[in-house]
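Architecture at a glance
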Amino acid sequence: MMLRNAAGRRAVATAATAVSLALALTACSGTTKSSEGSGSAKAGSSAKADPDAPLKKGLKLAFLPKQINNPYEKIVDEAGIAAAKEYGGTGKEVGPSDANASSQVSYINTLIQQRQDAILIAANDPNAVCGPLKQAMKKDIKVVAYDSDTAKDCRQLFINQAGSEEIGRSLVQHLGEQIGYKGKVAILSATQNATNQNTWIEFMKEELKLPEYKGMELVKVAYGDDADQKSFQQTQGLMQAYPDLKGIISPTTVGIAAAARYLSDSSYKGKVVLNGLGTPNQMRKYVKDGTVEQFSLWNPEELGYLGSYAAAALASGQISGAEGEKFKAGKLGEYTIGKDGEVILGEPTVFDSGNIDTFDF
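This structure is a prediction, so every number in the text was calculated from the model and none was measured.

As for the layout of surface pockets
Estimated volume of the second largest pocket: approximately 180 Å³. Taken together, 14 residues form the lining of the second largest pocket, with P71, D228, V254, A257 and Q282 sitting closest to its centre. Broken down by secondary-structure element, the contributors of at least two residues to the lining of the second largest pocket are α9 (253-264) and α10 (280-288). For the lining of the second largest pocket, the element with the most residues is α9, which contributes four residues. For the lining of the second largest pocket, the residue count by class is six nonpolar, four polar and four charged.

The structure is reproduced here in structure tokens:
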């Protein structure tokens, strides 16, 4: 995905470099992995890595998504669990049925008691999960954030889908082209505290400040809490409040599918442009019936796969989470850890009527 203007290209130089790689209380009492741990919250920051160490057999990984019934995160987690089998480990998915800020805390505490080797978390709130995650790291349980980051000192690694700036700016660029850079636009997000959503939205707002968008006005950021019905209702509310709305960006797979469902059966179909992040299987019918022209996403299976191998490399001592360390992620090849423990999967794909039938996820 290329950024159109020179200013945008300069602004995402760091993300573009990474893209060239080609694509959630204090712990409850009970049995723990070790009473010694690392002695620091950011376990691994002072640990000595052995890049030649083999991946340990029998590793236990737990995936903790934003909410257990999120279709997108189900794809991510199942791929990560399957990847664990490749290196002789086991994985499972646990989590809340809602995406509230504190909903993941009790699950982290339970995973600590269960002596997991690694916890992989898509955080609903960057700070609400920090207390138990720090306890986990002190007990030598590795913590990998994926999809939506925690505060940086609450995990060793963050597996990012793509460069955050590139995602945010490119969604605005695509929408601008579709509406001729004129008219009112809105954003339909997930929860108000979702780290990834808020980061992308900030870059959307920065992009909208550029001269070519002077004819576009961001009138509302709505929150559907990654719940299908609420996202549907928020879309309906946007159209009632702004009947002259020209476009909606929904950087959440639940939100974009719910918005498309509303628009497809309304008088706004073909008049309001909907863009954002979705899966091909969710969005195929809306592309084919003309509700949506295009949308973007990375491969969620690869995100889960990469997260699984990164957690295994941490738990095996191959890496500590320090910038510049390298590890191999199975069939995806070698990855390098960037600043603040970030590992970027790669470049998003733009889906439209010409290519959507070649994807199945």
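Next comes the rest of the write-up.
Considerations on the state of the cysteines
Inspection of the entire model under this criterion finds one disulfide. Each sulfur in the disulfide pair C130 and C154 lies 1.9 Å from the other. The sign of the S-S torsion, about 100°, decides the handedness of the disulfide formed by C130 and C154: right-handed. Highlighted residues: C130 in helix α5 (residues 130-138) and C154 in the loop between β4 (142-146) and β5 (157-160), separated in sequence by 24 residues.

Things to note about the side chain of S266
Note on placement: S266 falls in the loop between α9 and β9 (273-276). From its side chain, S266 meets the backbone oxygen of L263 in a polar contact 3.0 Å long. Within the structure, the side chain of S266 is placed 3.1 Å from the backbone nitrogen of Y268, a separation counted as a polar contact.

Notes on the pairing of strand β1 (residues 60-64)
Here β1 lies mainly inside the structure; four of its five residues are buried. In this sheet, strand β2 (residues 90-93) lies alongside β1 in parallel orientation, the contact comprising four bridges. By the bridge assignment, L61 is partnered in β2 with G91. Strand direction decides the pairing type here: β1 and strand β3 (residues 118-121), joined by four bridges, are parallel. Looking across to β3, one finds that L61 is bridged to A118.

Basis of the calculations
- Residues numbered from 1 in each chain as written.
- Predicted model: local features only at pLDDT ≥ 70, side-chain atom pairs only at ≥ 80, totals over all residues.
- Heavy atoms only, no water.
- 1 Å grid on protein atoms, 1.4 Å probe; cavity = no way out; pocket = protein on both sides within 12 Å on 5 of 7 lines; lining within 4 Å.
- Points joined across faces, edges and corners; volume = space filled by probe spheres on them.
- Helix = DSSP H or I, 4+ residues; strand = E, 2+ residues; numbered from the N terminus.
- Nonpolar A, V, L, I, M, F, W, Y, C, P; charged D, E, K, R; others polar.
- Disulfide = S-S within 2.5 Å.
- Polar contact = N/O pair within 3.5 Å; in protein donor to acceptor, adjacent residues only side chain to side chain.
- Buried < 20%, exposed > 50% of the residue type's maximum accessible area, 1.4 Å probe, protein only.
- Pairing = 2+ DSSP bridges.

Spatial relationships are all this shows, so hold off on functional conclusions.
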